[in-house]
Amino acid sequence: VIRQCRYIMAAFDPTLMHPWLVRSAVRYPDKAAVICGRQTLTYAQLDRQSDRLADHLRHAGLARGDRVVIFLDNSVETVIGLYAILKAAGVFVILNSGLKPSKLAFILTNSDARFLITSPQKTSVLSQAFKEVTQPPGLIFTSLPESTQNRFPDSLDFQSLVSEDIPDSCASPPPRIIDQDLAALIYTSGSTGQPKGVMSTHQNMI
């Protein structure tokens, strides 16, 4: 049934952001969607991996409209994460990778972030920022070396969540959202004060 829905979806212009990816995955499954350095993801791979991460986010309690912060350098994980958050009915918040701890702490609190997708290279910034955050978000690292796991013992490994070895899941249908739901919070630089989150709906982004 889900496969049939995807083919039907591919025939129409979507009113939400993430179905555009689904449509491209149906139409051009083997075409390169993302090229970053030596890494390349096809539309089909991007669709499958974002599905898996979305399933995890939903099972971990992410609800419609919840915020997920992406704090990474330019990477394929940024793109996978963005689409996974949307597929889980969440709101993505992509931050400048050079953000200082104090501003990161403010945005995590201001956005009420439920999860944070980041890399082991950010552990020092995170440690400082979390001192100012009452309820730190759940952490998903792009890789999880022992040193990072020791420092943040409840954190999860991004690669294991999106691995191609995990069978595709059809158990949980995507949550119902509409084009007026938030898709993104885009924070200003905060050069004249604290950063402010600009609210962008699916309709705005499309």
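Residues numbered from 1 in each chain as written. Predicted model: local features only at pLDDT ≥ 70, side-chain atom pairs only at ≥ 80, totals over all residues. Heavy atoms only, no water.

1. Focus: the side chain of Lys 87
Step number 1: One can find Lys 87 in helix α4 (residues 76-87).
Step number 2: Side-chain polar atoms of Lys 87 contact the side chain of Asp 47, separated by 2.5 Å. (Helix = DSSP H or I, 4+ residues; strand = E, 2+ residues; numbered from the N terminus. Polar contact = N/O pair within 3.5 Å; in protein donor to acceptor, adjacent residues only side chain to side chain.)

2. Considerations on the pattern of salt bridges
Step number 1: This model, assessed by the stated rule, comprises six salt bridges.
Step number 2: Between Asp 55 and Arg 58 there is a salt bridge, and its shortest N-O distance comes to 2.5 Å. Residue Asp 55 and its partner Arg 58 are located together in helix α3 (residues 43-59), separated by three residues, close to a single helical turn. Arg 58 shares its class with Asp 55; the two are buried.
Step number 3: When the shortest N-O distance is used, the salt bridge between Asp 181 and Arg 64 registers 2.9 Å. Taken together, the residues span a long stretch of sequence, with Asp 181 in the loop between α8 (158-162) and β8 (182-187) and Arg 64 in the loop between α3 and β3 (67-71) at a distance of 117 residues.
Step number 4: Look at Asp 181 and you get buried, because its relative accessible area is 15%.
Step number 5: Each of Asp 47, Asp 51 and Lys 87 takes part in a single network of salt bridges with overlapping partners. (Salt bridge = Lys/Arg side-chain N within 4 Å of Asp/Glu carboxyl O. Buried < 20%, exposed > 50% of the residue type's maximum accessible area, 1.4 Å probe, protein only.)

3. As for the pairing of strand β2 (residues 39-42)
Step number 1: Relative to β2, strand β1 (residues 32-36) runs antiparallel, the two being bridged by four bridges. Residue pairing in the sheet places Cys 36 in a bridge with Gln 39 of β2.
Step number 2: The antiparallel pairing of β1 with β2 creates a hairpin that spans two residues between the two strands, and Gly 37 there sits at a positive phi of about 60°. (Pairing = 2+ DSSP bridges.)

4. Some points on the layout of surface pockets
Step number 1: Here the second largest pocket is characterised by a volume of approximately 180 Å³.
Step number 2: Ile 94, Leu 95, Asn 96, Tyr 187 and Thr 188 are, among the 14 residues lining the second largest pocket, the residues nearest its centre.
Step number 3: Elements supplying a minimum of two residues to the lining of the second largest pocket: β4 (91-94), α5 (101-111) and β8.
Step number 4: Residue contributions to the lining of the second largest pocket peak at four residues, all from β8.
Step number 5: Tallied by class, the residues present in the lining of the second largest pocket amount to 10 nonpolar, three polar and one charged. (1 Å grid on protein atoms, 1.4 Å probe; cavity = no way out; pocket = protein on both sides within 12 Å on 5 of 7 lines; lining within 4 Å. Points joined across faces, edges and corners; volume = space filled by probe spheres on them. Nonpolar A, V, L, I, M, F, W, Y, C, P; charged D, E, K, R; others polar.)

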